[in-house]
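Listed below, chain by chain, are the residues.
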Amino acid sequence: MRAEAGKKLRTARRERYWEIDFLRGVCVLLMVFDHFMYCLWDVMPAINSFLGTSLFADLRETAMQYWNWNVRENVRGVVICMFFVLCGISCTLTRGNLRRFVPLAAVAVGISCVTYIIDELFLEGIFIMFGVIHMIACGVLMFAVLDNAVSAVCALFPKGESAKKAETILRYLPGMFGVVLLIVEFSCFADLRVTDGAVELVSSVQSSGDYFTDVVRSIFIELRGFNFLRETNTSDYFPLLPYTAVILAGSLLGRAIYHTRAKNALRPLDGSWNGGICLLGRHSAFIFVAEMVVIPLFLALCAFLTTLF
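Residues numbered from 1 in each chain as written. Predicted model: local features only at pLDDT ≥ 70, side-chain atom pairs only at ≥ 80, totals over all residues. Heavy atoms only, no water.

### A few points about the overall build of the protein chain
Now for step 1: Secondary structure summary: the protein chain contains 13 helices and two strands in total.
Now for step 2: Structurally, the protein chain occupies a C-alpha span of about 75 × 55 × 35 Å along its principal axes.
Now for step 3: Out of the 309 residues in the protein chain, the part that is buried amounts to 40%.
Now for step 4: The long-range share in the protein chain, meaning contacts at least 24 apart out of those at least 6 apart in sequence, stands at 68%.
Now for step 5: When the accessible area of the protein chain is evaluated, it comes to approximately 17700 Å², of which 67% is carbon and sulfur surface.
Now for step 6: With 27 positive and 26 negative side-chain charges, the protein chain shows a spacing of 18 Å between the two charge centroids. (Helix = DSSP H or I, 4+ residues; strand = E, 2+ residues; numbered from the N terminus. Buried < 20%, exposed > 50% of the residue type's maximum accessible area, 1.4 Å probe, protein only. Contact = heavy atoms within 4.5 Å. Areas by Shrake-Rupley, 256 points an atom, 1.4 Å probe, with all protein chains shown as cover. Lys, Arg positive; Asp, Glu negative; His and termini not counted. Charge placed at Lys NZ, Arg CZ, Asp CG, Glu CD.)

Written out as structure tokens, the structure reads:
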């Protein structure tokens, strides 16, 4: 019995792909650093004002310059897209995406509730109405619905080699749907433009002028003439388009690589050298959610300790 359990454990370990964990870990490190610099620029002054301290006050200008640096904007865009593509790849490696959606949705609701309370009682501008976790949860749900629909259709096929080939092709449907959404997005609703060396997404969908309508529409797509972050006084914003489309499109790579013989191409490069970053990648969801709270609390604790000495 133990031997069989050990064999299953070794099999599960072999089925993890180190390069996915590694890239996810790199993304998490960069995201944590980005949030830390944001806190030095925007959150730390509020903490210092509340506690009557001046901790890291001399670093605020540096953090502000970093935050408005065009290189940072471009790198951030690449990292965000890489993280969402990896999310799409991961969706193809499990059939339990509906089960994945439930805790993600619960965490998203929890983030909104907690940040709302903090925003009302302590630090204004912390509230997150529809941020990255909300969007990822919706992307996983979209993939699950499309993939389960494919499973339902494939179940109607008679058994045989032709049915297997048809199923292999149909499994690409969620990814193709994502590509279609991206084509529609950039041909009808938005453009990529370069401003002062930074690539930015510029929406061509005009605001309606009605606040409530624009808030709801902004969840689906960014609006011109309606700055969601400023108008709702929220600190994070990722509309469904184009980002859920990036997640769905990422599933194409998952199907093309990790459901073919190519999946083991990078296995010989695996080793102890990547252990630390891969560990971060395996726990990326927890780290990403936790750092939103841990970094501001850590800075507040450091500021409080300075008042004791």
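### Remarks on the nonpolar core
In a soluble, globular protein the nonpolar side chains are often hidden away together inside.
Now for step 1: By size, the foremost hydrophobic cluster in this structure holds 43 residues, and its most contacted members are Phe83, Phe84, Val132, Met135, Ile136 and Phe238.
Now for step 2: In contact with methionine 135, other than residues within four places in its own chain, are Phe84, Phe130, Phe238, Pro239, Leu240, Tyr243, Thr244 and Ile247.
Now for step 3: Grouped together as the second largest cluster of nonpolar side chains are 17 residues, Met37, Leu40, Leu55 and Ile295 included. (Core = buried A, V, L, I, M, F, W, Y, C linked by side-chain atoms within 4.5 Å.)

### Concerning the environment of alanine 63
Now for step 1: With respect to the helices, strands and loops of the structure, alanine 63 is situated in helix α3 (residues 60–67).
Now for step 2: Excluding its chain neighbours within four sequence positions, the residues that come into contact with alanine 63 are Met37, Leu40 and Trp41.

### Structural notes on the pattern of salt bridges
Now for step 1: Tallied over the entire structure, the rule returns nine salt bridges.
Now for step 2: Notably, a salt bridge pairs arginine 72 with glutamate 73, separated by 2.9 Å at the nearest N-O pair.
Now for step 3: A salt bridge links aspartate 147 to arginine 255; the nearest nitrogen and oxygen atoms lie 3.5 Å apart. Taken together, the residues span a long stretch of sequence, with aspartate 147 in helix α6 (residues 132–154) and arginine 255 in helix α11 (residues 240–258) at a distance of 108 residues. (Salt bridge = Lys/Arg side-chain N within 4 Å of Asp/Glu carboxyl O.)

### Some remarks on the pairing of strand β1 (residues 190–195)
Now for step 1: As defined by bridge partners, β1 adjoins strand β2 (residues 198–203) across six bridges and the pair is classed as antiparallel. From the neighbouring strand, alanine 190 faces β2, where its bridge partner is serine 203.
Now for step 2: The antiparallel pairing of β1 with β2 creates a hairpin that spans two residues between the two strands, and aspartate 196 there sits at a positive phi of about 55°. (Pairing = 2+ DSSP bridges.)

### Observations regarding unusual backbone geometry
Now for step 1: Going from leucine 241 to proline 242, the amide bond is cis rather than trans, its omega being 10°.
Now for step 2: Looking at the element boundaries, proline 242 is found in helix α11.
Now for step 3: The phi dihedral of phenylalanine 56 falls on the positive side, at around 60°, and the residue is not glycine.
Now for step 4: Tracing the backbone shows phenylalanine 56 in the loop between α2 (18–51) and α3.
Now for step 5: Since its relative accessible area comes to 28%, phenylalanine 56 is described here as partly exposed.
Now for step 6: The phi dihedral of asparagine 233 is positive, around 55°, even though this residue is not glycine.
Now for step 7: Residue position: asparagine 233 is located in the loop between α10 (228–231) and α11.

### Details of the packing of aromatic side chains
Now for step 1: Inspection of the entire model under this criterion finds 16 aromatic pairs.
Now for step 2: Where tryptophan 18 meets phenylalanine 22, the ring centres are 6.0 Å apart and the plane angle is 70°; that geometry is what we call edge-to-face. Highlighted residues: tryptophan 18 and phenylalanine 22, both in helix α2, separated by four residues, approximately one helical turn. An identical accessibility class is assigned to tryptophan 18 and phenylalanine 22; each is buried.
Now for step 3: On the basis of an interplanar angle of 25° and a centroid distance of 4.3 Å, the ring pair of phenylalanine 228 and tyrosine 237 is categorised as stacked. (Phe/Tyr/Trp six-rings, centres within 6.5 Å; stacked < 30°, edge-to-face > 60°.)

### Thoughts on the packing of helix α4 (residues 70–91) against α6
Now for step 1: Between α4 and α6, whose axes approach to 11 Å, the crossing angle comes to 35°. Handedness of the crossing formed by α4 with α6: right-handed. Between α4, through Phe83, Phe84, Cys87 and Cys91, and α6, the contact on the second element is made entirely by Val132, Met135, Ile136, Val140 and Phe143.
Now for step 2: Split into classes, the residues belonging to the contact of α4 with α6 amount to nine nonpolar, no polar and no charged. (Axes fitted to C-alpha atoms, helices over the stretch in contact; angles between N-to-C directions. Left-handed = near helix turned anticlockwise from the far one by under 90°. Nonpolar A, V, L, I, M, F, W, Y, C, P; charged D, E, K, R; others polar.)

### Let's talk about the side chain of aspartate 147
Now for step 1: Its relative accessible area of 3% is what places aspartate 147 among the buried residues.
Now for step 2: Ignoring anything within four residues of it in the chain, the contact list for aspartate 147 reads Arg95, Arg171, Pro174 and Arg255.

### Thoughts on the confidence of the model for the protein chain
Now for step 1: Summary statistics for the protein chain give a mean pLDDT of 89 and a share of 95% for residues scoring 70 or more.
Now for step 2: When pLDDT is averaged over each helix and strand of the protein chain, the minimum, 46, is found for helix α1 (residues 2–14) and the maximum, 96, for α11. (pLDDT = per-residue confidence, 0-100.)

### So, helix α13 (residues 284–306)
Now for step 1: Helix length check: α13, at 23 residues, gives a terminal C-alpha distance of 32 Å against a target of 33 Å (1.5 Å per residue), a fit within 8%.
Now for step 2: Glutamate 291 marks where α13 bends most, by close to 40°.
Now for step 3: Where α13 is concerned, the buried positions are Ser284, Ile287, Phe288, Glu291, Met292, Ile295, Pro296, Leu299, Cys302 and Ala303.
Now for step 4: In the core, the buried residues of α13 are packed alongside α2, α4, α5 (97–121), α6 and α12 (275–282). (Expected span 1.5 Å × (residues − 1). Bend = angle between axes of the 7 residues up to and from the residue.)

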